[in-house]
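Notes for the structure review
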Amino acid sequence: MKLIKRWVFILLLFLVFVVAMVLASENSSEVSLRFLSYESPSWPVSWWMLTAFVVGVFSGSLLNLFSNTRLRLRRRTAEKQMVQTARELDQQKARLQPDQIRTAESNLQQ
C-alpha cells in the first residue's frame, strides 16, 4: 500500500509539473502586481504562477512540519505515560499475588 501511495504521489507531482509547464508556455505576457502603494516588477504570468505555487508548497510544508512536531511530542508523552502506567500495574500485580497465595493457603488449612 505504501508503494502504491508513493507512485500515486509521484504521478500527481509529475502531472502538476506538466500542467505548470503548459501554462507557462501559454502565459508569456508580462504583468506587474499592485498591492496598496507597492508595484512589483513586470514578469510573465507564468513566473507569477510558478512563484505562487512554490510559496504555497513551502508554506504548506512548514505548517505541516509544525503540526507533525506537535503531534509527535503528544504521542511521545502518551507513550511515556503508558509505560509508567504499565509499570505501576505490574507492581500492583506483584503485590497482590503473594497476598492471594496466602489467602488461598489459609483457606485450604481450614
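To start, this report covers the structure provided alongside it. Everything quoted here is computed from the prediction, not taken from an experiment.

Focus on the overall build of the protein chain
When helices and strands are tallied, the protein chain shows two helices and four strands. Within the protein chain, buried positions represent 4% of all 110 residues. Here the analysis covers contacts within the protein chain between residues at least 6 apart in sequence; of these, 7% occur between residues at least 24 apart. Carbon and sulfur atoms form 65% of the exposed surface of the protein chain, whose accessible area is close to 10,400 Å².

Brief notes about the pattern of salt bridges
Per the counting criterion, the structure on display carries two salt bridges. Between E79 and R75 there is a salt bridge; the shortest N-O distance is 3.3 Å. Pair noted here: E79 and R75 are both in helix α2 (residues 45–109), with a separation of four residues, about one helical turn. You can call E79 partly exposed: its relative accessible area is 37%.

Reading the values: rules and limits
Residues numbered from 1 in each chain as written. Predicted model: local features only at pLDDT ≥ 70, side-chain atom pairs only at ≥ 80, totals over all residues. Heavy atoms only, no water. Helix = DSSP H or I, 4+ residues; strand = E, 2+ residues; numbered from the N terminus. Buried < 20%, exposed > 50% of the residue type's maximum accessible area, 1.4 Å probe, protein only. Contact = heavy atoms within 4.5 Å. Areas by Shrake-Rupley, 256 points an atom, 1.4 Å probe, with all protein chains shown as cover. Salt bridge = Lys/Arg side-chain N within 4 Å of Asp/Glu carboxyl O.

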